[in-house]
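Here's the letter readout for the chains.
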Amino acid sequence: MMISECNPGQLSHEQITALLYKGISDDGRPGDCIFVFGSNKGAKYRVPAAVQLYKDGRAPMILFSGGTIWKGQPLPEALMMKERAVELGVPAGQILVEQESRHTKENVLASLLVLDRAIPLHGIRRILIVTSAYHMRRAYLTLKTYMPSWIEYSMCAAEDASTREDNWWLTPEGFNRASNEAGKLVRYVQNGIIADNMLDLG
């Protein structure tokens, strides 16, 4: 079935797992840039994953995207992530920053110009996506919807504590985050914000 055929208000455990996690795996291929979506815990969970990809030689540049200033943090999330990446050994000159966006679609749209100025877009063939596993499907489909059609993607999930495929339903926090994300994904597809996709329930 297609994602658009789901009922966002009545998603089963099986549907949530399929929507968020089925087929989400890193293919190990190299790319032109590591695209890191921002979050309030991005510096903790996503930056180390991105830095490891960079140190493994998977891509020569890292782009941190996100302009939200979270409570208790002095800088926009993208700058917080950049600071942490530099601490972990990534040269500042290999880091791009987009700090205007406030949500996933804006992460992608606002990063188009940043990438075009730095690489540029017509020279990009593959982007390595770094975000939490439960957010990866929406991030991937948003990139597929708004980025140039020739760009391909590798999905490099950065696991957090409570929204992994094997534990999202075990805590109220994990259950709420995963079920809300799955419902949001279906609604975005139904509203035409992101492209529809086949849902694997097998």
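Our subject is the structure that appears above.
As the structure is a computational prediction, the values presented were derived from the model and not from experiment.

A. Focus on the overall build of the chain. Helix and strand counts for the chain come out as 6 helices and 5 strands. For the chain, the N- to C-terminal ordering of α and β elements is α-β-α-β-α-β-α-β-α-β-α. For the chain, the C-alpha atoms occupy an extent of roughly 45 × 40 × 30 Å along the three principal directions. Once local pairs closer than 6 in sequence are excluded, the contacts in the chain between residues at least 24 apart make up 75%. Element-wise, carbon and sulfur atoms account for 51% of the exposed surface of the chain, whose accessible area totals about 9,400 Å². Placing the 22 positive and 22 negative side-chain charges of the chain at their respective mean positions leaves the two points 3 Å apart.

B. Focus on the packing of aromatic side chains. All chains considered together, the criterion is met by 4 aromatic pairs. A ring pair is formed by Trp168 and Phe175, whose centres lie 5.9 Å apart and whose planes are at 25°; its orientation type is stacked. Phe175 gets classed as partly exposed once you look at its relative accessible area, which sits at 39%. Taken together, the ring pairs in this structure connect Trp168, Trp169 and Phe175 into an aromatic cluster.

C. Expanded view of the state of the cysteines. Taken as a whole, this structure holds 0 disulfides when the rule is applied. Free of any disulfide, Cys33 has its nearest neighbouring cysteine sulfur in Cys156, separated by 12 Å. Residue Cys33 is classed as buried on the basis of its relative accessible area, which comes to 1%.

D. Quick look at helix H3 (residues 77–87). For H3, the set of buried residues is Glu77, Ala78, Met81 and Ala85. Down the axis, H3 shows its buried residues gathered within 100° of arc, on one side only. Next to the buried residues of H3 lie strand E1 (33–37), helix H2 (42–55), strand E2 (62–65) and strand E3 (95–98). One or two residues past the end of H3 sits Gly89, with phi positive at roughly 110°.

E. Here's a closer look at a nonpolar patch on the surface. Among the surface-exposed residues, Trp169, Leu170 and Phe175 lie close enough to one another that they form a single nonpolar patch of about 310 Å² accessible area. By the element assignment, Leu170 lies in the loop between strand E5 (152–155) and helix H6 (172–190). Residue classification places Leu170 among the exposed positions, given a relative accessible area of 58%.

F. Representation of the side chain of Glu98 within the structure. Its place among the elements puts Glu98 in strand E3. The buried charged residue Glu98 lacks any salt bridge partner; its closest oppositely charged side chain belongs to Arg102, at an N-O distance of 6.4 Å. A polar atom in the side chain of Glu98 sits 2.6 Å from the side chain of Ser101. Excluding its chain neighbours within four sequence positions, the residues that come into contact with Glu98 are Leu63, Phe64, Ser65, Gly66, Ala78, Asn107, Ala110, Ser111 and Val114.

G. How the structure looks around the pattern of salt bridges. One pass over the full model with this rule turns up 9 salt bridges. Among the ionic pairs, Arg177 bridges to Asp160, the shortest N-O distance being 3.2 Å. With Arg177 in helix H6 and Asp160 in the loop between E5 and H6, the pair connects residues that are 17 residues apart, well separated along the chain. The class of Arg177 is partly exposed, set by a relative accessible area of 25%. The exposure class assigned to Asp160 is buried, which follows from its relative accessible area of 7%.

H. Representation of the packing of H2 against H3. It is the contact of H2 with H3, at a shortest axis distance of 9 Å, that shows an interaxial angle of 50°. It follows from the interaxial angle that H2 and H3 lie oblique. Note on packing geometry: the crossing formed by H2 with H3 is right-handed. Only Met80, Met81, Arg84 and Ala85 of H3 make contact with H2, whose side of the interface consists of Gly42, Ala43, Val47 and Val51. Split into classes, the residues belonging to the contact of H2 with H3 amount to 6 nonpolar, 1 polar and 1 charged.

Reading guide: rules and limits
Residues numbered from 1 in each chain as written. Predicted model: local features only at pLDDT ≥ 70, side-chain atom pairs only at ≥ 80, totals over all residues. Heavy atoms only, no water. Helix = DSSP H or I, 4+ residues; strand = E, 2+ residues; numbered from the N terminus. Contact = heavy atoms within 4.5 Å. Areas by Shrake-Rupley, 256 points an atom, 1.4 Å probe, with all protein chains shown as cover. Lys, Arg positive; Asp, Glu negative; His and termini not counted. Charge placed at Lys NZ, Arg CZ, Asp CG, Glu CD. Phe/Tyr/Trp six-rings, centres within 6.5 Å; stacked < 30°, edge-to-face > 60°. Buried < 20%, exposed > 50% of the residue type's maximum accessible area, 1.4 Å probe, protein only. Disulfide = S-S within 2.5 Å. Arc of directions from axis to C-beta. Patch = residues over 30% accessible without salt bridge, like charges linked within 9 Å, V, L, I, M, F, W, Y side chains within 5 Å. Salt bridge = Lys/Arg side-chain N within 4 Å of Asp/Glu carboxyl O. Polar contact = N/O pair within 3.5 Å; in protein donor to acceptor, adjacent residues only side chain to side chain. Axes fitted to C-alpha atoms, helices over the stretch in contact; angles between N-to-C directions. Parallel < 35°, antiparallel > 145°, perpendicular 65-115°, else oblique. Left-handed = near helix turned anticlockwise from the far one by under 90°. Nonpolar A, V, L, I, M, F, W, Y, C, P; charged D, E, K, R; others polar.

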